[in-house]
Amino acid sequence: MDQATIVSSFAAAPLTHALARPSRAALEVCDSLEDARRDWLELERDAIATPYQTFAFVDAWLRAHADGRQPMIIVARDAAGRPNAVLPLAIRRSGLGHIAEFPGGKDANFKMGLFRPGFAPDGDSAVALLRAAAGLAKGGVDLFAFTNQPHRWQGAANPLAVLPSQPSPSFGAKTALKRDFDEWLAERTSGAARKKLRAKQKRLAAIGPLAHIVARDHAGAEAILHAFFAHKERRMRIAGFASFGDPATKAFLATIARRNGAAPPLMEAHALMCGERIVATFCGAARGDRFCGMLISYDPDDAIARCSPGDLLLNHVVSDLCARGFATFDLGVGEARYKSERCEASEPLFDSFLAVTPLGHAMGAHERLKMRAKRAIKQTPWAWALANRLRGFKGTLRDPGDEN
């Protein structure tokens, strides 16, 4: 079977109701998001996908991180011309070569394409499609590097799990929600722990009346995001660092906060108020019946921090999600106490590195080795503790989310 035949079978075979005569090319590679918008949004309505690969999310992220990245949007269609898969990628230069990867960086916990339900290529077809797409990409590609991919997403298999892969350095943390929040909480915490947290809530309430708020417009989301950065900046100064967050990340988060007036918002922002003061923040993104945590912070003031405002806010967030009927809540990727305390399930992730040139083979070998070393460190308690100390995150100075 030649490459063209394999690519065609990748695009059309999984959907048995496809028409016999294709109306459009089975494979297209777009070098701008706008060129792929129609197919992307069509597939997005019903696709197996995370919140991090929606058109609006990727568009906002790439606008903020435009320097040195070239969009590469792969669209695979069925025989009727409908999109079966959209792989939103970005090409960046690495040394002498070019790497194509899912955009989002650390702002996107999970990396996937968008796939029509029932779409299931075999490994040879998936590899052939990517090799063919590399030949169509503007400027060329040496290596595809797909990291932090879930094997399954909300019960559906990830079609790219057929690619050669290795385990990711970290795993995701998720929990199955219930309609009754008190029942969910009782299954995950002891009576003594709940009593201790109630005492902390009482102490915090003595400082000022407590309220859980959810931003309903862009002004509210921006205020919560401003508090998030203020908390992080103060904690970084305490730890001896100059600042927190690079300008591109701040610009991206500000952009999606401003989109809070949209339906649905790109990022939902929660806060715990103590009087007029925001003492903890939590932001996440929803898709279908799953809510994905993205950002969390708390006020480092000693009188506030000892009351565990971040833990109190997380309980309010989960209670709200239970009431709204969400089935799954995750706290992203990485190792942290607050994640293991709330999430009973670990979500295995995998990395795929597919070379398409001789240079890409060398680059892929380097990337695989780097990720294996990172995984070994994270799976070795003393090595991981040392790595955190070297990074400057010490005990109580560690914010949830810093350990990704």
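Residues numbered from 1 in each chain as written. Predicted model: local features only at pLDDT ≥ 70, side-chain atom pairs only at ≥ 80, totals over all residues. Heavy atoms only, no water.

*Asks:* Account for the packing of helix α7 (residues 218-238) against helix α8 (residues 247-258), naming residues and giving values.
*Replies:* Close contact between α7 and α8 brings their axes to 8 Å; oriented N to C, the two are set at 155 degrees. Judged by the angle between their axes, α7 and α8 are roughly antiparallel. At the point where α7 passes α8, the crossing takes the right-handed sense. Of α8, the residues touching α7 (which contributes His218, Ala221, Glu222, Leu225, Phe229 and Glu233) are Lys250, Leu253, Ala254, Ala257 and Arg258. (Axes fitted to C-alpha atoms, helices over the stretch in contact; angles between N-to-C directions. Helix = DSSP H or I, 4+ residues; strand = E, 2+ residues; numbered from the N terminus. Parallel < 35°, antiparallel > 145°, perpendicular 65-115°, else oblique. Left-handed = near helix turned anticlockwise from the far one by under 90°. Contact = heavy atoms within 4.5 Å.)

*Asks:* Can you lay out the pattern of salt bridges for me, pointing to particular residues and giving the numbers?
*Replies:* Under the defined criterion, the tally for this structure stands at 23 salt bridges. Between Asp299 and Arg234 there is a salt bridge; the shortest N-O distance is 3.1 Å. In this pair, Asp299 is assigned in the loop between β14 (290-298) and α9 (302-305) and Arg234 in helix α7, connecting sequence segments 65 residues apart. Residues Glu335 and Lys378 are paired through a salt bridge, measuring 3.5 Å at the closest nitrogen-oxygen approach. (Salt bridge = Lys/Arg side-chain N within 4 Å of Asp/Glu carboxyl O.)

*Asks:* Describe the packing of aromatic side chains, with residues and values.
*Replies:* Following the criterion strictly, the structure yields 14 aromatic pairs and no others. With 5.8 Å between their ring centres and 25 degrees between their planes, Phe181 and Trp184 make a pair best called stacked. Residue Phe181 and its partner Trp184 are both found in helix α5 (residues 181-188); the two are separated by three residues, about one turn of the helix. Trp184 gets classed as buried once you look at its relative accessible area, which sits at 1%. On the basis of an interplanar angle of 85 degrees and a centroid distance of 5.9 Å, the ring pair of Phe291 and Phe326 is categorised as edge-to-face. (Phe/Tyr/Trp six-rings, centres within 6.5 Å; stacked < 30°, edge-to-face > 60°. Buried < 20%, exposed > 50% of the residue type's maximum accessible area, 1.4 Å probe, protein only.)

*Asks:* So what about the sheet that holds strand β16 (residues 345-347)? Which residues, and what values?
*Replies:* Strand order in the open sheet formed by seven strands is β11-β12-β13-β14-β15-β10-β16, with mixed pairing between adjacent strands. Bordering the open sheet on either side are β11 (210-214) and β16, each of which pairs with just one other strand. When strand polarity is set aside, the average angle formed by the axes of neighbouring strands in this sheet is 25 degrees. With four bridges joining them, strand β10 (residues 172-176) and strand β15 (residues 328-333) adopt antiparallel strand pairing. Each bridged residue has a counterpart across the sheet, and for Lys174 the counterpart in β15 is Asp330. Contacting β11, β12 (268-274), β13 (277-287), β14 and β15, helix α10 (residues 309-323) runs over the sheet at an angle of about 130 degrees to β12. (Pairing = 2+ DSSP bridges.)

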